[in-house]
Amino acid sequence: MTSHDLPDSAISSLFAKEDTALLLIDHQPQMIFGARSADPQGLVNNVEALAKMAKVFNLPTVLTSIAADTFSGPLIPEITRVFPDVEVIDRSHINAWQDGTFRAAVEATGRRRLLMAGLWTEVCLTFPALSATEAGYEVFAVIDASAGSSTEAHDAGILRMTQKGIVPVSTASVLSELQRDWARSETYDAVNDLVAEHLGAWGQGVNYVRAGFVKS
């Protein structure tokens, strides 16, 4: 019996860079002020890491804000610096999926698997995640790049989403799912740079190895 490696396409339960888009929803100052289920600095760090992952793996990315000029403020610069050429879609609808421009941007990606993160979890993430699922998309909610108005509200939002088949994932799991194989040299260095900058203990492990084994 001959053993062989499986291609990514043989494992349909995992998303891949070829079939996935990223949606970042309402990461704005006013929403961060009211987020209570996560440390604000950790939340911003994870959102920035998620944005950089999308850049490394060339994921189509849709950015949206709500009432930026009248209440919530602009999308945080940690996102817009990564995507200077991506238009931020500002809306009035609380559920981003009800906004035609947002929905058209998602459809234009051509992807049927959606990574979503948003503030707050129980509203601005949960509502479009449920709506996109209803529209036939497969949705993965990046939980540690999202936060709720309380821990209880965050947890309730996750429970509501999972009951409808939305899959909760983490920033680190997203990165691992996109990279898949450490032999993929085209993204290896960029991924490890991202890990070193944003992913805590894992990042310190990268720094430790680089200090001990990589000499200039």
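In short, a report on the structure.

Rules used in this analysis
Residues numbered from 1 in each chain as written. Predicted model: local features only at pLDDT ≥ 70, side-chain atom pairs only at ≥ 80, totals over all residues. Heavy atoms only, no water. Pairing = 2+ DSSP bridges. Helix = DSSP H or I, 4+ residues; strand = E, 2+ residues; numbered from the N terminus. Axes fitted to C-alpha atoms, helices over the stretch in contact; angles between N-to-C directions. Contact = heavy atoms within 4.5 Å. Buried < 20%, exposed > 50% of the residue type's maximum accessible area, 1.4 Å probe, protein only. Salt bridge = Lys/Arg side-chain N within 4 Å of Asp/Glu carboxyl O.

Thoughts on the sheet that holds strand β5 (residues 138–142)
Part 1: Strand order across the open sheet formed by six strands is β3-β2-β1-β4-β5-β6, with parallel pairing between neighbours. A strand with exactly one partner marks an edge of an open sheet, and here the two such strands are β3 (88–91) and β6 (167–169). Sheet twist, expressed as the mean angle between neighbouring strand axes with direction ignored, is 25 degrees.
Part 2: Lying over the sheet, helix α2 (residues 40–56) contacts β1 (20–25), β2 (61–66), β4 (113–118) and β5, oriented at roughly 150 degrees with respect to β1.
Part 3: Helix α6 (residues 121–134) contacts β1, β4 and β5 of the sheet and is inclined by roughly 165 degrees relative to β4.

A word on the pairing of β2
Part 1: For β2, the tally of buried residues reaches six of six residues, placing the bulk of the element in the interior.
Part 2: Where β1 meets β2, four bridges bridge the pair, whose relative direction is parallel. In the strand pairing of β2, isoleucine 25 is matched with threonine 64.

Some thoughts on the pattern of salt bridges
Part 1: Counted according to the given criterion, the structure contains eight salt bridges.
Part 2: Between glutamate 48 and lysine 52 there is a salt bridge whose closest N-O contact spans 3.3 Å. Here glutamate 48 pairs with lysine 52, and both are found in helix α2, just four residues apart, close to one helical turn.
Part 3: Since its relative accessible area comes to 15%, glutamate 48 is described here as buried.
Part 4: Each of the salt bridges in this network shares a partner with another, and the network as a whole consists of Asp8, Arg180 and Arg184.

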